[in-house]
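# Summary of the model geometry
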Amino acid sequence: MAHAAAMLNPRIRADVVEISEFPKMAQDYQVMGVPKTVISGVVEFVGAVPESTFVSHLKAAVEKLKSPSAPPG
Amino acid sequence: MPVLSDKDKEYLRDTFRKDLVNDVRVILVSRLSDEPSAPGAECHYCPQTNELFQEVASLSDKIKLELYDAVADKDKLQGLDVDDLPAIIFARDGERNIRFYGIPAGNEFPNVLEALTHLSKGENALSPQAQEEVRKIDRDLHVRVFVTPT
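The following paragraphs examine the structure supplied in this document. (Residues numbered from 1 in each chain as written. Chains lettered and ligands numbered in written order. Predicted model: local features only at pLDDT ≥ 70, side-chain atom pairs only at ≥ 80, totals over all residues.)

### Focus on the overall build of chain B
- A tally of regular secondary structure across chain B gives four helices and five strands.
- Along chain B, helices (α) and strands (β) appear in the sequence α-β-α-β-β-β-α-α-β when read from the amino end.
- Here the C-alpha radius of gyration of chain B, 16 Å, is about what a compact globule of 150 residues would show, namely 15 Å.
- Reported as C-alpha extents along the three principal axes, the dimensions of chain B are approximately 50 × 40 × 30 Å.
- In chain B, which comprises 150 residues, the share counted as buried stands at 29%.
- Residue pairs in contact within chain B that sit at least 24 positions apart in sequence constitute 70% of those at least 6 positions apart. (Helix = DSSP H or I, 4+ residues; strand = E, 2+ residues; numbered from the N terminus. Rg over C-alpha atoms; globule rule 2.2 N^0.38 Å. Buried ≥ 20, exposed ≤ 12 C-beta atoms within 10 Å, placed from the backbone. Contact = placed C-beta atoms within 7 Å.)

Below you can see the structure in the form of structure tokens.
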């Protein structure tokens, strides 16, 4: 779904990462279970989710990034 | 040593012949030589990834593969913002926001094929309603999906 979203909107960058090849990234993002999705460092979830939930997570990330205290995307 | 079996190649060749419509540009950033790279820039899966995608690209003239060495071609890769190696980037219309990092083995390989096909056909896996909502997003988002091959 991440790639599908990126195909529609050039403002969305979607990376699928084979975490077994990047142990440091697994540590940095605390990947304990897969799939794990992290959106701009402000929203994260583990497991596959329905399409509507995925879109909600994208929108939640946008809202969180609008907050003055949000980390850079 | 080939990565894909002859049977797999035949299957993929047929699938690409039926499913691919427009050209798809695939940018593969990896290490193309055995020259020592900087510490931490080793890429154990690069040789196999290079071979895999060269084999895949050979099965359809609609798959335009571009290979770059992360060190030797550093100047050409300015602005591409590659996080790790190997990086597989599907590019179209100047956009380069659809990426895989690491060799797409096991269950991830079908996802690569799906991305190729959808880009080539201009299709999308999301429902029309979801597509509309995604198009409205007006802020840069970086979505990372961490997976394993099994």
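Next, the rest of the story.
### Some points on unusual backbone geometry
- Residue A:Val34 is joined to A:Pro35 through a cis peptide bond whose omega torsion reads -5°.
- Relative to the helices and strands, A:Pro35 is located in the loop between helix H2 (23-28) and strand S2 (36-39).
- The omega angle of the peptide bond from B:Leu85 to B:Pro86 is -5°, so this bond is cis rather than trans.
- On the secondary structure map, B:Pro86 appears in the loop between strand S2 (63-69) and strand S3 (87-92).
- We note that A:Gln30 has phi near 50°; this positive angle belongs to a residue other than glycine.
- Here A:Gln30 is to be found in the loop between H2 and S2.
- A:Gln30 gets classed as exposed once you count the C-beta atoms within 10 Å, which come to 9.
- Although it is not a glycine, A:Ser40 sits at a positive phi angle of roughly 50°.

### Structural notes on the pairing of strand S1 (residues 24-30) of chain B
All names here are of chain B.
- Across the seven residues of S1, five count as buried, placing the element largely inside the fold.
- In this structure, S1 lies alongside S2, joined through seven bridges in parallel fashion. Each residue of the ladder has a partner; that of arginine 25, found in S2, is lysine 64.
- Where S1 lies against S3, five bridges are found, and the strand directions are antiparallel. Counterpart to valine 26 in the pairing with S3 is phenylalanine 90. (Pairing = 2+ DSSP bridges.)

### Description of the packing of helix H3 (residues 51-66) of chain A against helix H4 (residues 128-135) of chain B
- Two elements in contact, H3(A) and H4(B), have axes whose closest approach is 10 Å; the angle formed by their N-to-C orientations is 5°. Compared by their axis directions, H3(A) and H4(B) come out roughly parallel. From H3(A), A:Glu51, A:Val55 and A:Leu58 reach across to H4(B), where they touch B:Ala130, B:Glu133 and B:Val134.
- Of the residues assigned to the contact of H3(A) with H4(B), the class counts are four nonpolar, no polar and two charged. (Axes fitted to C-alpha atoms, helices over the stretch in contact; angles between N-to-C directions. Parallel < 35°, antiparallel > 145°, perpendicular 65-115°, else oblique. Nonpolar A, V, L, I, M, F, W, Y, C, P; charged D, E, K, R; others polar.)

By themselves these figures say nothing about function.
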